[in-house]
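Fold and contact review
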Amino acid sequence: MGLTAVPPGEVATVVTTLEMRRRPPLRPIPASRLRLVAWDRPAPEKYRALFRRVGAPWLWFSRLAMDETSLIHIIHDAGIAIFAVVDPAGVEVGMLELDFRRPAECELSYFGLVPELAGQGHGRWLMAEALARAWIRGIERVWVHTCTLDHPSALGFYRASGFTAIARTVETFPDPRGIGLLPPETAPQIPRIG
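In what follows, the accompanying structure is described. (Residues numbered from 1 in each chain as written. Predicted model: local features only at pLDDT ≥ 70, side-chain atom pairs only at ≥ 80, totals over all residues. Heavy atoms only, no water.)

Regarding the pattern of salt bridges
- All chains considered together, the criterion is met by 8 salt bridges.
- Among the salt bridges present, the one from R101 reaches D99, with a minimum N-O distance of 2.8 Å.
- Here R101 falls in the partly exposed class, since its relative accessible area comes to 40%.
- Using a relative accessible area of 11% as the deciding quantity, one classes D99 as buried.
- Among the charged side chains, a salt-bridge network with shared partners connects E19, R21, R102, E105 and R141. (Salt bridge = Lys/Arg side-chain N within 4 Å of Asp/Glu carboxyl O. Buried < 20%, exposed > 50% of the residue type's maximum accessible area, 1.4 Å probe, protein only.)

A short note on the packing of helix α1 (residues 44-55) against helix α3 (residues 68-75)
- Put simply, α1 and α3 touch, their axes get as near as 10 Å, and they point 85 degrees apart. Judged on the interaxial angle alone, α3 and α1 are roughly perpendicular. Touching P44, Y47 and R48 of α1 are E68, L71, I72 and I75, all from α3.
- Here the residues of the contact of α1 with α3 sort into 5 nonpolar, no polar and 2 charged. (Axes fitted to C-alpha atoms, helices over the stretch in contact; angles between N-to-C directions. Helix = DSSP H or I, 4+ residues; strand = E, 2+ residues; numbered from the N terminus. Parallel < 35°, antiparallel > 145°, perpendicular 65-115°, else oblique. Contact = heavy atoms within 4.5 Å. Nonpolar A, V, L, I, M, F, W, Y, C, P; charged D, E, K, R; others polar.)

Quick look at the nonpolar core
- The biggest cluster of nonpolar side chains holds 56 residues, and the ones touching the most others in it are L108, V142 and F163.
- Setting aside chain neighbours within four positions, we find L108 in contact with E97, L98, M127, A130, V142, W143, V144 and F163. (Core = buried A, V, L, I, M, F, W, Y, C linked by side-chain atoms within 4.5 Å.)

Considerations on the environment of I75
- Inspection of the secondary structure puts I75 in helix α3.
- Under the relative-accessibility criterion, I75 is labelled buried at 2%.
- Taking C-alpha positions, I75 is 8.1 Å from P44, a pair spaced 31 residues apart along the chain.
- Those residues in contact with I75, other than ones at most four positions away along the chain, are R41, P42, P44, Y47, R63 and I82.

Observations concerning the packing of aromatic side chains
- Per the stated rule, a full pass over the model turns up 9 aromatic pairs.
- Here the aromatic residues Y47, F51, W60 and Y110 are joined through ring pairs into a cluster of three or more.
- The cationic tip of R133 hangs over the ring face of F83; the distance from NZ or CZ to the ring centre is 5.0 Å. (Phe/Tyr/Trp six-rings, centres within 6.5 Å; stacked < 30°, edge-to-face > 60°. Lys NZ or Arg CZ within 6 Å of the ring centre and 35° of its normal.)

A word on the sheet that holds strand β4 (residues 92-99)
- Strand order in the open sheet made by the 7 strands is β2-β3-β4-β5-β6-β1-β7, with mixed pairing throughout. Taken across any chain shown, the strands that pair with only one partner, and hence form the sheet edges, are β2 (35-39) and β7 (164-174). Each strand of the sheet is rotated relative to its neighbour by a mean of 25 degrees, with strand direction disregarded.
- The strands touched by α1 within the sheet are β2, β3 (80-86), β4 and β5 (105-113), with β4 carrying the most contacts at an inclination of about 105 degrees.
- Contacting β1 (10-20), β2, β3, β4, β5 and β6 (141-147), helix α4 (residues 122-135) runs over the sheet at an angle of about 160 degrees to β5. (Pairing = 2+ DSSP bridges.)

Considerations on the pairing of β6
- The buried count for β6 comes to 5 of 7 residues, which makes it a mostly enclosed element.
- Of the pairings in the sheet, the one linking β1 to β6 comprises 6 bridges and is antiparallel in character. What sits directly across from T16, in β6, is T146.
- As paired elements, β5 and β6 share 3 bridges and run parallel to each other. What sits directly across from E105, in β6, is R141.

Encoded structure:
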């Protein structure tokens, strides 16, 4: 057993891949004051703004690093279903992105709410909505990955939702705060080194 040094200016995380091979028993979708709004072919700047608002506390950066053409290629693909989570005032407070581009599979590409909503039961509502939308297409597998940079309850939440862990990997990448994709004060729970 040994430790692997992470170069200054980089971040490392342990990524866990989870899957669900059977549709869970049908249950009523929990009540929520939130609602999902489908985003068909969203404007890149609108998409990135919500992506940043939901994901910055966990250092989501991949879609911020993409050039506009690459991002549009994904978010305008017919195999991608994007939803904004909207509160009663019409404010976008979360996102759900389902990727159906692989035959018979659905990846929960992005699933999240703004941190202010944590611990209020909205995650269970959003997961019920996500699974209802994923399994309706006759797929054989729903999968997701989470990492040690996500909310501390994320892995347990996915497991409690019916997912089974199937793989673990280590990912390193340049700290998005250090390369200007996110402000330096973002995600203070994750130390910047270098």
